[in-house]
Every structure is written in C-alpha cells, then in structure tokens.
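Residue-level listing of the chains:
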Amino acid sequence: MKKLEQIYEGKAKKVFETDVYDFVIVDYKDDATAFNGEKKGTINEKGIINNKVTNHLMKMLEKKGIPTHFVEEISDRETIVKKVDIIPLEVIVRNIIAGSLAKRVGRPEGEKLSRTILEFCYKDDDLGDPMVNQYHIFAMKWATENELELISDYSLKINKYLTEYLKDLNIELIDFKLEFGKTSDGVIVLADEISPDTCRFWDSVTGEKLDKDRFRRDLGGEEDAYKEIMKRLLGE
Ligand code: TMP
Ligand code: ASP
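So, here is what we can say about the structure in this document. Given the structure is predicted, the values throughout are model-derived calculations rather than measurements.

Next up on the list: the environment of Val-205. Following the sequence through the fold, Val-205 ends up in the loop between β14 (199–203) and α5 (213–216). Accessibility expressed as a relative area gives 64% for Val-205, which makes it exposed. Taking the C-alpha atoms as reference points, Val-205 and Glu-236, separated by 31 residues in sequence, lie 21 Å from one another.

Neighbouring residues of ligand 1: 13 residues in total, closest Arg-94, Ser-100, Asp-175, Lys-177 and Arg-200. One nitrogen or oxygen atom from the side chain of Arg-200 is found 2.9 Å from an oxygen atom belonging to ligand 1. Burial of ligand 1 by the protein amounts to 75% of the accessible area it has alone, namely 450 Å². Going through the elements one at a time, β9 (89–96), α2 (99–105), β12 (171–182) and β14 are the ones with two or more residues in the shell around ligand 1. Per-element accounting of the shell around ligand 1 gives the leading share, three residues, to β12. Residues belonging to the shell around ligand 1 are distributed by class as follows: four nonpolar, three polar and six charged.

Taken together, the neighbourhood of ligand 2 is formed by Lys-11, Thr-33, Ala-34, Phe-35, Asn-36, Gly-37, Lys-212 and Arg-216. Interatomic distance of 2.9 Å between a backbone N/O atom of Gly-37 and an oxygen atom of ligand 2. At a separation of 2.6 Å, an oxygen atom of ligand 2 approaches a polar side-chain atom of Arg-216. Across the shell around ligand 2, the residue classes tally to two nonpolar, three polar and three charged.

The element strand β7 (residues 78–82) is largely enclosed, with a buried count of four among its five residues. Sheet topology places strand β3 (residues 23–28) next to β7; five bridges connect them, and they run antiparallel. Its bridge partner being in β7, Val-26 is matched across the sheet by Thr-79. Across three bridges, the pairing between strand β6 (residues 70–73) and β7 is antiparallel. Considered in β7, the bridge of Glu-73 is made with Thr-79. Here β6 folds back onto β7, and the loop between the two strands holds four residues.

Let's shift gears to the packing of aromatic side chains. Two descriptors summarise a pair of aromatic rings, namely the distance from one centre to the other and the angle between the planes of the rings. Per the stated rule, a full pass over the model turns up two aromatic pairs. Seen in terms of ring centroids, Tyr-122 and Trp-142 are 4.0 Å apart; in terms of plane orientation they differ by 15°. Their pairing is stacked. Highlighted residues: Tyr-122 in strand β10 (residues 112–122) and Trp-142 in the loop between α3 (134–139) and α4 (145–167), separated in sequence by 20 residues. When its relative accessible area of 16% is taken as the criterion, Trp-142 is described as buried. Here the basic side chain of Lys-3 rests over the ring of Phe-16, its NZ or CZ set 4.1 Å away from the ring centre. One cation-aromatic arrangement involves Lys-39 over Phe-215; the distance from NZ or CZ to the ring centre is 4.8 Å.

Thresholds applied
Residues numbered from 1 in each chain as written. Chains lettered and ligands numbered in written order. Predicted model: local features only at pLDDT ≥ 70, side-chain atom pairs only at ≥ 80, totals over all residues. Heavy atoms only, no water. Helix = DSSP H or I, 4+ residues; strand = E, 2+ residues; numbered from the N terminus. Buried < 20%, exposed > 50% of the residue type's maximum accessible area, 1.4 Å probe, protein only. Near = heavy atom within 4 Å. Polar contact = N/O pair within 3.5 Å; in protein donor to acceptor, adjacent residues only side chain to side chain. Areas by Shrake-Rupley, 256 points an atom, 1.4 Å probe, with all protein chains shown as cover. Nonpolar A, V, L, I, M, F, W, Y, C, P; charged D, E, K, R; others polar. Pairing = 2+ DSSP bridges. Phe/Tyr/Trp six-rings, centres within 6.5 Å; stacked < 30°, edge-to-face > 60°. Lys NZ or Arg CZ within 6 Å of the ring centre and 35° of its normal.

Encoded structure:
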C-alpha cells in the first residue's frame, strides 16, 4: 500500500491518503498538548507507544465484538485504519472522580463513583470541546437517537472490557475519552486512539499516575510512565 498525500494533521497524529479505497494511514507524533493546545511539549517516543498501545487495545476489543477502525500496524508509528467520518462527539467514560469532574462537582480526585458516568463533548477545538447533552446532539444532528444509543452501548462495553483487562496488569482505569466514526458503508466503529494521552491510568498498588496528567500537571516522569504502560500491556 502506498502512503500518499497528508489529508489531516491533528495535535497528536497525521493522517495520509493511500492508494487503497477507504483505507488511510495514521502516523503518531511525539507532540503533546494540553488545555486545548495552550500547553505544548513533546514526550519522547510517545508516538510509538500510543500507536502500539492503541492497536493492542483495539485488537483486544475487536475480539470482544467491538467494531474498530483498526486494519494493520505497518511501522512503529504508522497504522492502516479504515477511513471514517468522525462523529463530532468526544465520549468520556468515568469510573472514579478525577480531572474536570472533580472541579465541576467540588469533590476530591480518587472517589469511586456509585455508577459509571458517560459525558459527551462537542468536538470543536475553537470552542474548547464544550460538554453537551442528548438534546443538543439530536437537535444539532451530530448523531441520531439510534446512533447515540449504539455509541453509548459500545462505550460502556469498552469500559467493562478495558477495566477487566487492565486490572490484571495492576492498572486502574479512572476515566477515558473515545471517538467514533462512520465508514463509507455507514457502520459505526471505534476510531481515534486509546492511550495514556486519552485515558487516566493509575497504578492500582501505589496510586501513581501513569498517563498524560504527568505532562498536564508538570509532575515529571511522563516518558517513564508511558513506557511502563507499554511494558505492562505489550511486555516491550
Ligand atoms: P477531563 O477530566 O479533563 O474532562 O478528562 C477526562 C478524560 O478524557 C481523561 O482521561 C483525559 C481524556 N481527555 C482527552 O482524551 N482529550 C481531551 O481533550 C480531554 C479534555 C480529556
Ligand atoms: N489533547 C487536548 C489538548 O491539547 C487536551 C488534553 O488532553 O488535556 O488540548
């Protein structure tokens, strides 16, 4: 498969056209941003780790019956994925209070929720990805009722499968963000990435943060944290 012209560049990835219909190549960068791009930096080898961790988890989820955009990893940083129209929603799944939820409700980080919370944000950097509800989503036609039901169902199942999988690796899944896309034949699939950039992972024994919060909050040790996640998941 030939890598053709770049069609998109985001904060953490580039996307390239290919010579195969409906397939594109994602290329993961080491660039790290936070607070909607206000804070910028790099995390050495993050692109390699996020590519491998994402693919590893997407393959696991596929086996459990969750459709994903994953096709084939072709290098350390590059993966062939199905071309999709991204549904302009970020789905946030929360098991433990942390981050913006802790601020919003004035509760300490680390408190276990009595049930899982799903949040939806409208994916628009210029607006800072504002939180929206079902009424906004249907009125703006970002997704239909059936589509949102499917996305919510997948998100809760993904939470269950990821939580179980990570528990055995002594990783507690605090919260994470998902994106879904629609293939040319109208099928909704999990897209984007599942990585320490998009999840909060805490060591279940020590409580140590093993994710992008180390970068967001200037805690240091982000490279080692990302490496530790890759080691626990892939043994590399
Ligand atoms: P939050 O607590 O800052 O709202 O983040 C919730 C989860 O979503 C956390 O695991 C980090 C992830 N996330 C992203 O992947 N991208 C984003 O732009 C934001 C704000 C959060
Ligand atoms: N990725 C987002 C950004 O740069 C936010 C984050 O992950 O904290 O802006």
